[in-house]
Every structure is written in C-alpha cells, then in structure tokens.
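Chain by chain, the residues:
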Amino acid sequence: MRLGFGRNGTVDSAAGTFLDSGAVALGSLLPSVYQEYDQNALRFTSALDAVLAPIWLAVDCYDAYLSPATTPEDVAAWLATWVGIEVDDNWRPEQLRRLLAEAFDLARWRGTAKGIAALVEAYTGLRPVVDDTGGVTVSADPGNGFVVSEAPVVVVRMPGAALDADELDRLNALVRGAVPAHVTVRVEL
C-alpha cells in the first residue's frame, strides 16, 4: 500500500487504511513552511507513514491487548504464560479469557479448596463441590508426628456437568497442576 501526499499537501486517497483508522500523517506534524514548500519532506514522511502507522496504532491500543476481554486470541495465549497458565490448544477462547480474568485470584488461592473450585468454575463456567482430605499434623518431638494412613485426595464433583472424555481429561490435568505433587486428584461428574 502506498501512503503519500497529493500536489496540494493533502493525503492521497491511496493513503488509505492506516490513516483512515486514526493514525496521523507525519507530514501534518511538520512546520507549515515544510508542508507548504517542501514536497520532498512530505514524500519522505509519507514513506515513513506506511512503516510507523501500524506501530502507532498498536501503541495507542496497548491496554486493549492486556485486557482478557479484548485481546486477540494469540495474544491471550501469550498473556497466559505471564501468569503461569499452561494453555492447552484445545481450549475454547472463552475458557482462556475466563482463566485470564481470574488469574490473580486463582494464584492467591492456589492449592486450596477455594482456589480449586474457582479454577474449575473459571474453566467450565460451573461451580464444583471440592472435597479435600488434606490436613496438617504437629508434634513437639521431631519425627513423632501423627502418621497419616492414606494419601491426601482432592475430589472435584461436577453436578450436572456434561463433559466428554477429552474435556474431562483436560479438566483433570488442570486440577492436577493446581494441587501439590503428592495429592491425588479425582474429577467426578
């Protein structure tokens, strides 16, 4: 695409889309003496318009790239890496956007029953029931603490959820990543 100024210093109609979308022609920022008498300066700045306009437009809407509601899908996946979410390519865009919107609260409650429930709700849109058998033991004598006879288990119950086998596997993997490594996870429908 060619951006440029016409004979009278106005923008050519071929200058088109970048300038139509809100970018300002660099030639219009020059002092009036250059705008009126120096066509070479106008041609030079119009050549720069084609290169710089996309950059200025991206900078102008930078906040939209950081908002989970308005960011493009590929940028949303990149933003997820900033907050520690491992994105599965099979996730629907709205699932990733919900997880991104809740990312800071999810990080705050990570590994707790409340955090797991919020994570599953952000992913599926349904509020689960989370049963956590974990606990803490304390002893005044080192090595003489209570012996736990069974491994800790987190059971996530999804009443009324209709998830296919692949979706259930992805949900299991998501919950497994949110609990400590020694905890067993089960998702039940």
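Residues numbered from 1 in each chain as written. Predicted model: local features only at pLDDT ≥ 70, side-chain atom pairs only at ≥ 80, totals over all residues. Heavy atoms only, no water.

A. The arrangement of the packing of helix α6 (residues 93-101) against helix α8 (residues 113-124) in detail. Two elements in contact, α6 and α8, have axes separated by 7 Å at closest approach and are oriented at 145°. Mapping the contact onto sequence places Gln95, Arg98 and Leu99 in α6 and Leu119, Glu121, Ala122, Tyr123 and Thr124 in α8. In terms of residue class, the contact of α6 with α8 is built from four nonpolar, two polar and two charged. (Axes fitted to C-alpha atoms, helices over the stretch in contact; angles between N-to-C directions. Helix = DSSP H or I, 4+ residues; strand = E, 2+ residues; numbered from the N terminus. Contact = heavy atoms within 4.5 Å. Nonpolar A, V, L, I, M, F, W, Y, C, P; charged D, E, K, R; others polar.)

B. Fine view of the sheet that holds strand β3 (residues 184-188). Strand order across the open sheet formed by three strands is β1-β2-β3, with mixed pairing between neighbours. Looking along the sheet, the strands with just one partner apiece sit at the ends: β1 (129-132) and β3. The mean inter-strand angle of the sheet, taken between neighbouring strand axes irrespective of direction, is 15°. The sheet contact formed by β1 and strand β2 (residues 153-157) spans four bridges and is antiparallel. Residue pairing in the sheet places Asp132 in a bridge with Val154 of β2. (Pairing = 2+ DSSP bridges.)

C. Structural context of a nonpolar patch on the surface. Taken together, the side chains of Tyr62, Tyr65, Leu66, Trp78, Trp82, Val83 and Phe104 present a nonpolar region at the surface, about 770 Å² in accessible area. Counting residues per element, the ones that place at least two in the nonpolar patch are α4 (62-66) and α5 (73-82). Per element, the largest residue contribution to the nonpolar patch is three residues, and it comes from α4. Using a relative accessible area of 64% as the deciding quantity, one classes Phe104 as exposed. (Patch = residues over 30% accessible without salt bridge, like charges linked within 9 Å, V, L, I, M, F, W, Y side chains within 5 Å. Areas by Shrake-Rupley, 256 points an atom, 1.4 Å probe, with all protein chains shown as cover. Salt bridge = Lys/Arg side-chain N within 4 Å of Asp/Glu carboxyl O. Buried < 20%, exposed > 50% of the residue type's maximum accessible area, 1.4 Å probe, protein only.)

D. Summary view of the environment of Val155. Note that Val155 resides in strand β2. A relative accessible area of 6% places Val155 in the buried class. Remark: the alpha-carbon pair of Val155 and Val175, spanning 20 residues in sequence, is separated by 9.9 Å. Setting aside residues up to four positions removed in sequence, Val155 forms contacts with Val129, Val130, Asp131, Arg186 and Glu188.

E. Main features of the packing of aromatic side chains. Applying the stated rule across the entire model yields two aromatic pairs. Directly above the ring of Trp109 sits Lys114, whose terminal nitrogen or CZ lies 4.1 Å from the centroid. (Phe/Tyr/Trp six-rings, centres within 6.5 Å; stacked < 30°, edge-to-face > 60°. Lys NZ or Arg CZ within 6 Å of the ring centre and 35° of its normal.)

F. Representation of the environment of Leu99 in the model. As for its position among the elements, Leu99 is in helix α6. Separated by 25 residues in sequence, Leu99 and Thr124 have C-alpha atoms that sit 9.7 Å apart. Dropping the residues within four chain positions of it, Leu99 is found in contact with Ile85, Trp91, Leu106, Leu119, Ala122 and Tyr123.

G. Spatial organisation of the pattern of salt bridges. All chains considered together, the criterion is met by eight salt bridges. Salt-bridge contacts for Arg92 lead to Glu94; the nearest nitrogen and oxygen are separated by 2.9 Å. Given a relative accessible area of 39%, Arg92 falls into the partly exposed group. Note on Glu94: relative accessible area 39%, which makes it partly exposed. Among the ionic pairs, Asp131 bridges to Arg157, the shortest N-O distance being 1.9 Å. Here Arg157 lies in strand β2 and Asp131 lies in strand β1, a separation of 26 residues in the sequence.

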